[in-house]
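# Geometric and topological summary
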Amino acid sequence: MFEVSEKPRRVERAFLVSVVRHKEEEARAVSLLEELKELVENLGIEVIGSILARVRKTYPKFLLGKGKVQEILELAQAADCDVIVFDNELTPGQQRNWEKESKGAVIDRHEVIIDVFADRAQTREAVLQVELARLEYSLPRLRRAWTHLGRQRGGGVTQRGEGEAQLELDQRMVRDKIASTKRELVQVIRQRTVSRKRRRRVPVPTASIVGYTNAGKSTLLNKLTGSDIYVADKLFATLDPTSRKMNLPSGRGLVLTDTVGFVRNLPHRLVDAFKATLEEALVADFLIHVVDLSSGETVDQMETTLEVLDELGIVEKKIITVFNKVD
Ligand SMILES: Nc1nc2c(ncn2[C@@H]2O[C@H](COP(=O)(O)OP(=O)(O)OP(=O)(O)O)[C@@H](O)[C@H]2O)c(=O)[nH]1
Ligand SMILES: [Mg+2]
């Protein structure tokens with residue numbers, strides 16, 4: 001019997017890969033790769049090298065053609081890396097093929113983001129939400145040599161025959177675990193909703209602070225309300241919504257809620273998982289969108305935030321945009 005939430009075996013040296021097919025995507029890919037580096041380093045993994053692979057077409061087996069695959073494997077080997085991280089999304093099959101070929105761990109941006117969230121999760125609700133996202137991510141990937149689930153079987157590629165039966169067993173266990181996690185989440189969310197409703201009985205207007213990760217949302221909340229919630233120069237410092245009351249110059253009160261930040265190519269299952277948390281934003285009277293003017297990616301980051309809000313069904317809410325980091 002194994003523990004589903006077991007921590008991944010420590011990998012320490014990463015080689016990053018970004019695949020671009022069109023010249024016009026290149027600038028964005030470079031900045032995404034920079035962001036991926038930050039995310040990976042946030043996990044305590046050193047980034048040793050990276051490559052922006054420019055290709056004319058992609059292939060189903062490895063995403064890249066044979067030549068490029070060899071080139072990347074040689075580079076990663078020469079740098080003595082124990083994990084290859086793709087900025088592009090890999091299908092479960094591609095991931096498996098890469099791991100077979102490299103005999104090491106191969107992960108993608110989504111897995112990195114889920115791991116960062118897992119690292120940060122503090123409350124029971126956040127822990128459960130991340131757990132759910134991780135389980136759903138792992139379900140089609142149970143055959144991997146390096147899954148979070150597979151490693152305690154020795155880390156070897158699952159043998160066929162016996163492996164197939166094991167796979168079915170694993171899938172059933174993961175499905176059961178998904179179901180029980182969902183049930184527990186419903187309970188936790190119900191409790192939070194009750195306390196929110198209680199708060200709402202007092203007719204104080206509410207606003208949610210939303211925006212790209214590291215934009216300065218928590219800093220703004222602290223400044224406005226004189227609180228000292230956690231602020232840090234790292235991605236996803238905040239995962240849980242925190243509400244604080246402030247007094248407006250007019251003498252009226254306003255309840256402000258800090259929310260989880262967004263990031264480009266945020267895995268859909270994480271958006272799904274955090275929907276409940278972001279509901280705080282859904283029920284607010286208006287939103288405060290904090291934008292980091294110093295990032296060099298301001299427009300892209302603004303668009304990402306608006307897209308995620310759209311995905312959450314928040315379309316007709318008044319938004320006050322705050323341009324931050326003007327210094
Ligand atoms: N230079 C400068 N830095 C700022 C400003 N506002 C916030 N910061 C810094 O930006 C970093 C991120 O701030 P946070 O308030 O944690 O950002 P956040 O949007 O809550 O980030 P997440 O919770 O990680 O999504 C911290 O190091 C802050 O000190 C600003 O106006 N100017
Ligand atoms: Mg924050």
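Heads up: these notes are all about the structure in this document. (Residues numbered from 1 in each chain as written. Chains lettered and ligands numbered in written order. Predicted model: local features only at pLDDT ≥ 70, side-chain atom pairs only at ≥ 80, totals over all residues. Heavy atoms only, no water.)

Turning our attention to the side chain of Asn42. Position of Asn42 among the secondary structure elements: in helix 1 (residues 26–42). Residues contacting Asn42, with those up to four places away along its chain left out, are Val116, Asp119, Arg120, Lys234 and Leu235. (Helix = DSSP H or I, 4+ residues; strand = E, 2+ residues; numbered from the N terminus. Contact = heavy atoms within 4.5 Å.)

Attention shifts here to the site of ligand 1. What surrounds ligand 1 is a group of 19 residues, the closest being Lys217, Ser218, Thr219, Ala237 and Thr238. Asp327 has a polar side-chain atom sitting 2.8 Å from a nitrogen atom of ligand 1. In isolation ligand 1 offers 660 Å² of accessible surface; the protein chains occlude 79% of this area. The element that contributes the greatest number of residues to the shell around ligand 1 is helix 7 (residues 217–225), accounting for three residues. Considering only residue class, the shell around ligand 1 consists of six nonpolar, eight polar and five charged. (Near = heavy atom within 4 Å. Polar contact = N/O pair within 3.5 Å; in protein donor to acceptor, adjacent residues only side chain to side chain. Areas by Shrake-Rupley, 256 points an atom, 1.4 Å probe, with all protein chains shown as cover. Nonpolar A, V, L, I, M, F, W, Y, C, P; charged D, E, K, R; others polar.)

Another aspect to go through is the coordination of the magnesium ion (ligand 2). Distances from the magnesium ion (ligand 2) to its protein donors, namely Ser218 (OG) and Thr238 (OG1), fall within the range 2.0 to 2.1 Å. One end of the pair, Ser218, is in helix 7; the other, Thr238, is in the loop between helix 7 and strand 6 (242–247), with 20 residues separating them in the sequence. Each member of the pair, Ser218 as well as Thr238, is classed as buried. (Donors = N, O, S within 2.8 Å, 3.2 Å for Na, K, Ca; no water. Buried < 20%, exposed > 50% of the residue type's maximum accessible area, 1.4 Å probe, protein only.)

Counting through the fold element by element, Asp108 comes out in strand 4 (residues 105–108). In this structure the C-alpha to C-alpha distance between Asp108 and Leu90, which are 18 residues apart in sequence, comes to 6.4 Å. Setting aside residues no more than four positions away along its own chain, Asp108 makes contact with Phe86, Asn88, Glu89, Leu90, Gln95, Tyr137 and Arg141. Of the polar contacts made by the side chain of Asp108, one reaches the backbone nitrogen of Leu90; its length is 3.1 Å.

Turning next to the pairing of strand 4. The two faces of strand 4 match: Ala105 and Ile107 on one face and Val106 and Asp108 on the other face are all buried. Across four bridges, the pairing between strand 3 (residues 83–86) and strand 4 is parallel. Of the residues in strand 4, the one forming a bridge with Phe86 is Asp108. Between the parallel elements strand 3 and strand 4, the chain passes through helix 3 (residues 92–102) in a crossover that is right-handed. (Pairing = 2+ DSSP bridges. Right-handed = clockwise from strand over helix to strand, strands pointing away.)

A few words on the sheet that holds strand 3. Within the open sheet, the four strands sit side by side as 2-1-3-4. Their pairing is parallel. The open sheet terminates on both sides in strands that have one partner only, identified here as strand 2 (46–54) and strand 4. Adjacent strand axes in the sheet meet at a mean angle of 20 degrees when their direction is disregarded. Across four bridges, the pairing between strand 1 (residues 13–20) and strand 3 is parallel. Looking at the pairing, Val17 lines up with Phe86 of strand 3. Each of strand 1, strand 2 and strand 3 is contacted by helix 2 (residues 66–78), which is oriented at about 160 degrees to strand 2, the strand it contacts most. Along the sheet face, helix 3 touches strand 3 and strand 4 and points at about 150 degrees away from the line of strand 4. (Axes fitted to C-alpha atoms, helices over the stretch in contact; angles between N-to-C directions.)

In terms of residue burial, strand 1 counts as a mostly covered element, since seven of its eight residues are buried. One ladder, built from eight bridges, connects strand 1 with strand 2; its direction is parallel. Counted as the bridge partner of Phe15 is Gly49 from strand 2. Traced from strand 1 through helix 1 to strand 2, the parallel crossover comes out right-handed.

This paragraph deals with unusual backbone geometry. Of note in the backbone geometry, Leu63 takes a positive phi value of approximately 75 degrees without being a glycine. One can find Leu63 in the loop between strand 2 and helix 2. For Lys325, which is not a glycine, the phi torsion comes out positive at approximately 60 degrees. Within the secondary structure, Lys325 sits in the segment after strand 9 (318–324).

The geometry of helix 1 relative to helix 4 (residues 109–120) is characterised by a closest axis approach of 9 Å and an angle of 40 degrees between their N-to-C directions. Relative to helix 4, helix 1 is oriented oblique. Read as a crossing pair, helix 1 and helix 4 show a hand that is left-handed. Residue-level contacts link Leu32, Glu35, Leu36, Leu39, Val40 and Asn42 of helix 1 to Arg109, Val112, Ile113, Val116, Asp119 and Arg120 of helix 4. Considering only residue class, the contact of helix 1 with helix 4 consists of seven nonpolar, one polar and four charged. (Parallel < 35°, antiparallel > 145°, perpendicular 65-115°, else oblique. Left-handed = near helix turned anticlockwise from the far one by under 90°.)

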